[in-house]
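Descriptive analysis of the structure
Residues per chain are reported as follows:
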Amino acid sequence: MKHHPAWLAAGLIVFVLLACNLGKKTTNLNSNTNSNASNTNTASDEGSGSVVKEIHMAKDDGNGTPGDETDSFAPSDKTVHCVATLKQAKAGTQMKFSWWIVDADGSKNQKIKEIDYTTRPLENVVHGHLTLPQNWPSGKYKCQVFVNGDLDKTINYVVE
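Described below are features of the structure shown in this document. All figures in this text were calculated on a predicted structure; none of them were measured in a lab.

**Focus: the nonpolar core**
Judged by nonpolar contacts, the single largest core of 23 residues is most densely connected at Met57, Val80, Cys82, Met95, Phe97, Trp99 and Val145. Put simply, the parts of the chain that give this core at least two residues each are β1 (52–60), β4 (79–86), β5 (94–104), β7 (125–131), β8 (139–147) and β9 (150–159). Discounting chain neighbours no more than four positions away, the residues touching Val80 are Met57, Ala58, Phe73, Trp99, Gly128, His129, Leu130, Trp136 and Tyr157.

Put into structure tokens, the structure is as follows:
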């Protein structure tokens, strides 16, 4: 059997390139494990592990879609929206909006409702909304945004 130095050199180059690329991927994964653990800040970018770029609360525009951005609602604002902008549009991203009473009308740390949603292709802005048929009790509330089962961001708001 005759060995060809050109084939041997080409194989060696492919092997080295593959080894270098795998090494780079491992390094990137390791650098992403040090994400910010608090995830309760309303800041727009909380760390490398965050999938959500930014979240905000919004009043209803009267047609069931988010209107003006706010962190304060009137009791008569029957529908409140939480709008999440993802860093990347990726179909199949599992989103969950978890709505909580922090301290309102004698209730504390009580879950109101959870809303699940799966993103479609090219969709990077997702909103969840919550409607109460009567006036909201005055107080403090929060909405937690989970991505693929992990808490990503939390935003606080008030009804006054």
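Don't stop here, the text continues.
**Side note on the pattern of salt bridges**
Considering all chains together, one arrives at five salt bridges under this definition. Lys59 is the salt-bridge partner of Asp77, the closest N and O atoms lying 3.1 Å from each other. Of the two residues, Asp77 sits in the loop between β3 (72–73) and β4 while Lys59 sits in strand β1, which places them 18 residues apart along the sequence. Residues Lys111 and Glu114 are paired through a salt bridge, measuring 2.8 Å at the closest nitrogen-oxygen approach. Taking the relative accessible area as the measure of exposure, Glu114 reaches 33% and is therefore partly exposed. Shared partners join several salt bridges into a network, and the residues in it are Lys96, Lys111 and Glu114.

Calculation rules
- Residues numbered from 1 in each chain as written.
- Predicted model: local features only at pLDDT ≥ 70, side-chain atom pairs only at ≥ 80, totals over all residues.
- Heavy atoms only, no water.
- Core = buried A, V, L, I, M, F, W, Y, C linked by side-chain atoms within 4.5 Å.
- Buried < 20%, exposed > 50% of the residue type's maximum accessible area, 1.4 Å probe, protein only.
- Helix = DSSP H or I, 4+ residues; strand = E, 2+ residues; numbered from the N terminus.
- Contact = heavy atoms within 4.5 Å.
- Salt bridge = Lys/Arg side-chain N within 4 Å of Asp/Glu carboxyl O.

These figures come from the coordinates and say nothing about function on their own.
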